[in-house]
Amino acid sequence: MAALARADLTGGDLRLGTVRERTAAYTSYDVTFASTTAGRGTSPLRISGVLNVPTGRGPFPAVVLAHGYIDPAVYVRGQGMTRERGFLAQRGYVALHVDYRNHAESTDDPRVETAVRLGYAGDTIAALHALRKSREVRVDPDRIALFGRSMGGGVMMKALAAEPGLFAAGVGWASVSSLEAENFAQFQRPDAPLAELKAGFRGRHGLPAEDPGFWRGVSPRPLFGEITEPVLMVHGRFDDTCPPEWARATQRAMTRAGVDATLEWYDDAHAFGPAFVAAMDRTVRFLDARMPA
């Protein structure tokens, strides 16, 4: 996280491609943009995504969307937050879904796993810069929020901690833990024998019990004091993928660090089915209040 905060996280060159959908409320495009977080002296990565632009003149407020974990081998462009993207565009928000590096048509970054996917946060930051610099999409540069779900909630927290003051607000739905050791224990540790996991991390860093300093260092929680944006956390009481206690712990830690952090509960599971519209209405009210016209 310290290295991410020191990096020159920029982006641009937003290119509109094929029109995916055209409705009375918005037009949806396949897009690409540059993410210059591959490392000093290397070429920018090309990140794919999907962009919904409301009908009208703008300039519009915008939301960058950070999706949850989907195996990159089967992931397709724009997957994971289609409902959220459409809902936001219908409410007058430009919505840019970021595929991340190594996903869909994005450039592959061979270091993404060894860096515990920190590059995903860099790609969302690059998306903000791409929106700000675009001449084709009229976006209010001071009204751009970051909205992540599940793994994307962790991406959101890392981006806000690495670049405080860049986004206007942060939203996390059904978020992973703000401590990477807990995410490892929940999602990676059960998937393989311990010897295989150790072999996979050899030469880079140890497992959480062996190298707690590393795992804390790649977690956003120790840097919550850097976050200046208000944050809304939304979680289902019956979430058995990302335990509800993670949301409580994250919100408490943010509050102790001085972050304006709100946690809203819904009677739903990880994917948000019955409570989706109510939770999205709450999210839009939060964004409207934090990014007034």
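Residues numbered from 1 in each chain as written. Predicted model: local features only at pLDDT ≥ 70, side-chain atom pairs only at ≥ 80, totals over all residues. Heavy atoms only, no water.

**Remarks on the pattern of salt bridges**
Pairs can form between side chains of opposite charge whenever their charged atoms are close.
1) Next: In this structure the tally under the stated criterion is 14 salt bridges.
2) Next: Arg237 is paired through a salt bridge with Asp267; the nearest N and O atoms lie 2.8 Å apart. Here Asp267 lies in the loop between β9 (261–266) and α9 (276–290) and Arg237 lies in the loop between β8 (231–236) and α8 (244–256), a separation of 30 residues in the sequence.
3) Next: Look at Arg237 and you get partly exposed, because its relative accessible area is 43%.
4) Next: Within the structure, one salt-bridge network assembled from shared partners comprises Arg20, Asp30, Arg77 and Glu105. (Salt bridge = Lys/Arg side-chain N within 4 Å of Asp/Glu carboxyl O. Helix = DSSP H or I, 4+ residues; strand = E, 2+ residues; numbered from the N terminus. Buried < 20%, exposed > 50% of the residue type's maximum accessible area, 1.4 Å probe, protein only.)

**Things to note about the pairing of strand β2 (residues 26–35)**
1) Next: By the criterion of burial, β2 is predominantly enclosed, with 10 of the 10 residues buried.
2) Next: Along β2, one buried face is formed by Tyr26, Ser28, Asp30, Thr32 and Ala34 and the opposite face, lined by Thr27, Tyr29, Val31, Phe33 and Ser35, is buried too.
3) Next: Pairing between strand β1 (residues 11–22) and β2: 7 bridges, direction antiparallel. In the sheet register, Arg22 faces β2, and the bridge partner there is Thr27.
4) Next: Between the antiparallel neighbours β1 and β2 lie 3 residues.
5) Next: Here β2 pairs with strand β3 (residues 45–54) via 10 bridges, running antiparallel. Bridged to Thr32 within β3 is Ser48. (Pairing = 2+ DSSP bridges.)

**Description of the environment of Ser134**
1) Next: Its location among the elements puts Ser134 in the loop between α3 (118–133) and β6 (139–149).
2) Next: Classification of Ser134 by relative accessible area gives buried; the value is 15%.
3) Next: A polar atom in the side chain of Ser134 sits 3.1 Å from the backbone nitrogen of Glu136. (Polar contact = N/O pair within 3.5 Å; in protein donor to acceptor, adjacent residues only side chain to side chain.)

**Quick notes on helix α5 (residues 180–188)**
1) Next: Taken together, the buried positions of α5 are Glu180, Asn183 and Phe184. End-on, the buried residues of α5 take up no more than an arc of 105 degrees, which puts them together on one face. (Arc of directions from axis to C-beta.)

**Considerations on the environment of Leu287**
1) Next: By secondary structure assignment, the location of Leu287 is in helix α9.
2) Next: Residue class for Leu287 comes out buried when judged on its relative accessible area of 1%.
3) Next: It is 15 Å that separates the C-alpha atoms of Leu287 and Leu166, two residues lying 121 residues apart in sequence.
4) Next: For Leu287, the contacting residues outside a window of four places in its chain are Val63, Leu88, Tyr93, Ala145 and Val171. (Contact = heavy atoms within 4.5 Å.)

**Focus on unusual backbone geometry**
Note on backbone geometry: most residues besides glycine have negative phi, and most peptide bonds are trans.
1) Next: For the bond running from Gly58 to Pro59, omega is 5 degrees, close enough to zero to count as cis.
2) Next: Among the secondary structure elements, Pro59 is positioned in the loop between β3 and β4 (60–66).
3) Next: The backbone phi angle of Asp13 is positive, close to 55 degrees, even though this residue is not glycine.
4) Next: Mapping Asp13 onto the fold places it in strand β1.
5) Next: For Asp13, a relative accessible area of 37% puts it in the partly exposed group.
6) Next: Unlike most non-glycine residues, Ser150 shows phi in positive territory, near 55 degrees.
7) Next: On the secondary structure map, Ser150 appears in the loop between β6 and α4 (151–162).
8) Next: A relative accessible area of 10% means that Ser150 is categorised as buried.

**Quick notes on the packing of helix α2 (residues 82–90) against α9**
1) Next: Contact pair α2 / α9: the axes reach a minimum separation of 11 Å and the direction vectors enclose 50 degrees. It follows that α2 is oblique to α9 by the angle criterion. Regarding α2 and α9, the two cross each other, and that crossing is right-handed. Judged by residue contacts, Arg83, Glu84, Phe87 and Leu88 of α2 engage Phe276, Val277, Met280, Asp281, Val284 and Leu287 from α9.
2) Next: Partitioned by chemical class, the residues of the contact of α2 with α9 number 7 nonpolar, no polar and 3 charged. (Axes fitted to C-alpha atoms, helices over the stretch in contact; angles between N-to-C directions. Parallel < 35°, antiparallel > 145°, perpendicular 65-115°, else oblique. Left-handed = near helix turned anticlockwise from the far one by under 90°. Nonpolar A, V, L, I, M, F, W, Y, C, P; charged D, E, K, R; others polar.)

Geometry only, nothing functional implied.
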